[in-house]
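Commentary on secondary and tertiary structure
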Amino acid sequence: MKALVERYIADGQPVGSRTLSKASGLELSPATIRNVMSDLEELGLIASPHTSAGRIPTARGYRLFVDTMLTAQRDQLQAPRLAPEQPQKVIANAANLLSSLSQFVGVVLAPRRASVFHHIEFLRLSERRVLVIIVSPDGDVQNRVLFTEVDYTQSQLVEAANYLNANYVGMAFEQVRDKLASEVETLRSEIATLMQTAVNLSTDPAGAADEVVISGERNLLAVSDFSSDMRHLRRAFELFEQKTQLLRLLDVSSRAEGVRIYIGGESQVVPFEELSVVSAPYEVDGQVVGTLGVIGPTRMPYDRMIQIVDITSKLVSNALSRPR
């Protein structure tokens, strides 16, 4: 089974008994190998895509391979260091690094937005559209567009920002939200509503799909598994367009320790049979704050992808954490 999967990953062609007999070093006759392959097919580990004698791994077969037969050498990969910079730039650089090293798609779930703010501003963009600028204690700047029910003047927006900055700097948004709710009767109702909406926006995960950073989608154009069937490629790009499924996957990954491999088609986590994901969580000062990974064809060199994802997660953790 191990020889068949490795051969298929390398060549991308259904593997026959004669090929395995010559190339695997098993010292078994083609007839013996055919019998074993027949047993593996009955177990649902391999399948025949055509009427030819060749076989390819199924999702179940890949799972057996990565769980019990795969060995990854973690000291062979040379990757450039990620410089400590603004978190957004570190995340973008990490996605690019994953993509360039793997030649597939790099994807990073950015750290959750800071729950404590150092400064907040409101800027009127147009009627009922307000830009909220939030500066975290470490200098990270977050910009969000707020759609309001009332058309606020710029002076009203300045008044709201001044009140928040004077009374709530250094507090978590959850605390600010609770205090505002209790003080709302003493504030002008319109401004209180604006501030409450802005605080809710800062803690609301509804905009989380924007936090998935993707790099290298076009790399899939060079993968024969996709270029030979444009439907597969279209489904892959739909996944990147929606991002919500990616977010769900990466959120699941962040609750797991170490590198995880998700085989396409084996569950609803990765619903597309043609895609697999290798992911790992990353940390800031010892706390898991996000996930990153590589998305590629199910026929990917998993040992190398494990190395790439593992070392990139460590590079990101180091770049985002405070120096000790």
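Details of the structure are given in the entry above.
Quick caveat, the model's predicted, so the values are computed rather than measured.

Criteria and thresholds
Counting starts from 1 at the beginning of each chain's written sequence and moves along it residue by residue. For a predicted model such as this one, the threshold for reporting local features is a pLDDT of at least 70, and the threshold for listing and counting side-chain atom pairs is 80 or more; totals across whole chains, interfaces and linings nevertheless cover every residue. Note: side-chain values were computed over all heavy atoms of the structure, leaving out hydrogens and water. Within this document, salt bridges are pairs made up of a side-chain nitrogen of Lys or Arg and a carboxyl oxygen of Asp or Glu, the two lying within 4 Å of each other. Only runs of H or I of at least four residues qualify as helices and only runs of E of at least two qualify as strands under DSSP, and these elements are numbered from the N terminus. The buried label goes to any residue with under 20% of its type's maximum accessible area, the exposed label to any with over 50%, and the partly exposed label to all in between, with areas taken from a 1.4 Å probe on protein chains only. At least two bridges found by DSSP between two strands is the condition for calling them paired. The contact rule is simple, with two residues in contact once any of their heavy atoms fall within 4.5 Å. Working definition of a nonpolar core: buried Ala, Val, Leu, Ile, Met, Phe, Trp, Tyr and Cys residues. They are joined through side-chain atoms within 4.5 Å. For helices, the fitted line uses only the C-alpha atoms of the stretch in contact; every axis is such a line through C-alpha atoms, and the angle between N-to-C directions lies from 0 to 180 degrees.

So, about the pattern of salt bridges. Pairs can form between side chains of opposite charge whenever their charged atoms are close. Inspection of every chain in the model, using the stated rule, returns 6 salt bridges. Two residues, D67 and R63, come together in a salt bridge whose shortest N-O distance is 3.0 Å. Within this pair, D67 and its partner R63 are both found in helix α4 (residues 59-68), separated by 4 residues, close to a single helical turn. According to the relative accessible area criterion, D67 is exposed, its value standing at 52%. For K314, the salt bridge identified is with D310, shortest N-O distance 2.8 Å. Here D310 and K314 lie together in helix α12 (residues 302-320), a separation of 4 residues that amounts to about one turn. Looking at K314, the relative accessible area reads 47%, which means it is partly exposed. Since its relative accessible area comes to 14%, D310 is described here as buried.

The buried fraction of strand β9 (residues 275-284) is high, at 8 of 10 residues. In this sheet, β9 lies alongside strand β8 (residues 260-262) in antiparallel orientation, the contact comprising 3 bridges. Each residue of the ladder has a partner; that of Y262, found in β9, is V277. Looking at chain direction, β9 and strand β10 (residues 287-297) are connected through 10 bridges and run antiparallel. Opposite Y282, over in β10, you have G290 as the bridge partner.

So, about the side chain of S317. Assignment of secondary structure puts S317 in helix α12. For S317, a relative accessible area of 13% gives the class buried. With near-sequence residues (within four places) excluded, S317 lies in contact with Y282 and E283.

What follows deals with the nonpolar core. F240 and Y302 are the most contacted members of the largest nonpolar core, which totals 64 residues. A total of 9 residues in this core trace back to one element, the largest contributor, which is α12. Beyond its immediate stretch of four places on either side in the chain, Y302 contacts I9, Y62, F65, V66, L70, I261, I263, S276 and V278. Of all hydrophobic cores here, the second largest spans 19 residues; its members include V130, V132, Y152 and L157.

Before going further, it helps to examine the sheet that holds strand β5 (residues 129-135). Pairing is antiparallel in the open sheet, where 3 strands are placed in the order β4-β5-β6. What marks the edges here is a single partner per strand, and that holds for β4 (119-126) and β6 (141-147). Looking at each pair of strands side by side, their axes are set apart by 20° on average, direction ignored. Strand direction decides the pairing type here: β4 and β5, joined by 7 bridges, are antiparallel.

With respect to topology, 5 strands assemble into an open sheet ordered β7-β3-β10-β9-β8, the strand pairing being antiparallel. In the strand order of this sheet, the two ends are held by β7 (212-215) and β8, each with one partner. Geometrically, the sheet is characterised by an average inter-axis angle of 20° between neighbouring strands, direction not taken into account. With 4 bridges joining them, strand β3 (residues 105-109) and β7 adopt antiparallel strand pairing. Bridge pairing links L109 to V212 in β7. Lying over the sheet, helix α5 (residues 87-102) contacts β3, β7, β9 and β10, oriented at roughly 155° with respect to β3.

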